[in-house]
Amino acid sequence: MYNYIFARSFKKREQKQLKFKWMALLCFSLIALSLCAMFKPYLGPLPAALTKKIEPAAVCSVTKGSDFCEINNDIRIDGSSATVFIASSLADQTEWIIRPYARKYDHVAMKRVNEWSVKSAASLLQCNQNHSVPAILFSNGGYAGNIFHDFSDIIIPLYINSRQFNGQVQFVITNKQSWWINKYQNILKKLSRYDIIDIDNQDDIHCFPRGIIGLKRHDRELNINSSESPYSIKDFRQFIRSSYSLQKPAAIRLRDGEKKKPRLLIVSRKRTRAFTNAEEIAQMGRRLGFNVVVAEANGNLSRFAETVNYCDVFLAVHGAAMTNMIFLPENAVFIQVVPFGGFAWLARTDYEEPAKAMKLRYLEYKIKLDESTLIQQYPLDHQVIRDPSSIGKQGWNAFRSVYMVQQNVKVDLNRFRSTLLKALELLHQ
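Small disclaimer: the values here were computed from a predicted structure and weren't measured.

Mind showing me how you'd approach the overall build of the protein here?
A count of helices and strands for the protein gives 13 helices and 18 strands. Split into buried and exposed, the 429 residues of the protein put 50% on the buried side. Counting only contacts in the protein whose residues sit at least 6 apart along the sequence, the fraction spanning at least 24 positions is 75%. For the protein, the accessible surface area stands at approximately 22,300 Å², while carbon and sulfur atoms represent 51% of it.

Even after reading the chapter, I still don't get the nonpolar core, so can you show me in this structure?
Side chains of nonpolar character tend, in soluble globular proteins, to be buried together. Among the nonpolar cores identified, the biggest contains 106 residues, and Phe 151, Phe 236, Phe 275, Phe 327 and Phe 334 are the most heavily contacted of them. Among the domains, domain 1 (58–244) and domain 2 (263–428) are the pair contributing at least three residues each to this core. Contact partners of Phe 275, with chain neighbours within four places excluded, come to Ile 266, Val 267, Ile 281, Leu 315, Ala 316, Val 317, Val 337, Val 409 and Val 411. With 21 residues, the next largest nonpolar core counts Cys 60, Ala 82, Val 172 and Ile 199 among its residues.

Explanation requested: the sheet that holds strand β16 (residues 313–317) in the structure shown.
Across a sheet, strands are paired by hydrogen bonds formed along the backbone, either parallel or antiparallel in direction. Here we have five strands laid out as an open sheet, ordered β15-β14-β16-β17-β18, and parallel in their pairing. Edge positions in the open sheet fall to β15 (291–296) and β18 (361–366), since each of these has one partner strand only. Between one strand and the next, the sheet's axes are offset by a mean angle of 20°, whatever the strand orientation. Packing against the sheet, helix α13 (residues 413–428) makes contact with β14 (263–268), β16, β17 (333–338) and β18, and its axis sits at approximately 175° to β18.

Help me understand the pattern of salt bridges in this model?
By the definition in use, this model includes 14 salt bridges. Put simply, Asp 153 and Arg 217 hold a salt bridge, and the shortest N to O gap is 3.1 Å. Taken together, the residues span a long stretch of sequence, with Asp 153 in helix α3 (residues 147–162) and Arg 217 in the loop between β13 (211–213) and α6 (233–243) at a distance of 64 residues. Exposure remark for Asp 153: the relative accessible area of 1% places this residue in the buried category. With its nearest N and O atoms 4.0 Å apart, the salt bridge here joins Lys 270 to Glu 296. With a gap of 26 residues between them, Lys 270 in the loop between β14 and α7 (278–287) and Glu 296 in strand β15 connect regions that are remote in the sequence. Residues joined by salt bridges that share partners form a network here, namely Arg 103, Asp 153, Arg 217 and Glu 221.

Cut-offs used in this document
- Residues numbered from 1 in each chain as written.
- Predicted model: local features only at pLDDT ≥ 70, side-chain atom pairs only at ≥ 80, totals over all residues.
- Heavy atoms only, no water.
- Helix = DSSP H or I, 4+ residues; strand = E, 2+ residues; numbered from the N terminus.
- Buried < 20%, exposed > 50% of the residue type's maximum accessible area, 1.4 Å probe, protein only.
- Contact = heavy atoms within 4.5 Å.
- Areas by Shrake-Rupley, 256 points an atom, 1.4 Å probe, with all protein chains shown as cover.
- Core = buried A, V, L, I, M, F, W, Y, C linked by side-chain atoms within 4.5 Å.
- Domains from an automatic or database assignment.
- Pairing = 2+ DSSP bridges.
- Axes fitted to C-alpha atoms, helices over the stretch in contact; angles between N-to-C directions.
- Salt bridge = Lys/Arg side-chain N within 4 Å of Asp/Glu carboxyl O.

Listed below in structure tokens is the structure:
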């Protein structure tokens, strides 16, 4: 009996131990699974946007459109060596190379942008100038001077990155072009209350409590992805209206019996992709009931912004001047005339999609071959006329030199009349 009881007691103790072991194994398994779930994003394939911590308070990111570093710690900017220094306690210091212009996939543009180093260091250079506000360092190179790229590559990304500071931010510019600063001073002064630092011509070490090196941009042209930002393209357009004191928030709404005339702006061009019969288009517009203005998008930007803002219908041939749609009132009609030669993708991504995001009513008029002046320059069996895609396959420069540089447009008034009538119809809605 004693042996039997002893055996049973031992088995019970052994069972308890076995049960304890299984419980411990289960607990460790749950912890392991939790850790795997926590670190899964780092164990899988690399995502499209990469981040690299060069310090706990500094994160450098690689995206499709740009490289940039957000630094929430003291920084030293040395213009003479094109280097941004961050204090580091790490034995292994890290360096990150950035060209601070938001079109990194365009090698031609990036060749015109200075290269900067963001470097962690155990000991920092002594400050010559101390600043109490954050810094944003960006380039004025690339395609600066083309209004489409001015807004898509610089101004909209600058708004996305700087608006959070409500003017309490210092702009630090590399590749500075003074005429560009003067052209967009209304916008720049609204985003920052401080005079811009031309860092390339500085021998001093400028010190800031934090900074952004390079500009984050969103994937689409002339647009802001509100899922990635607290701001939207609507917010940006309101900011632009405020910057230029534009008075007209919305396009006219026509009602039957009213004598009000909507204003039609025809954007003229002197060189490429010009309307060769702009005055005839204007006369037809007046007969249909428009108050017509013909103007070229050059000279003083503030004055042209007012001209655009007063209009209800905007008409232009595909080109950078169409970027001025940013100044249009909400619900205005935006008409893009698409030249001959395979412009579908450019027309859609550069202007159709941004126009719709801006709450503009979009219309498109695709010209036919007999409306292009190319027919006067090339025989009908030439590949420029017969097979535009073969020119496109030769690269951007070949496409641009033919279809963007050599081509003007003579609109067929009978065909185009229906587009203007549609614009009037939209203004009644």
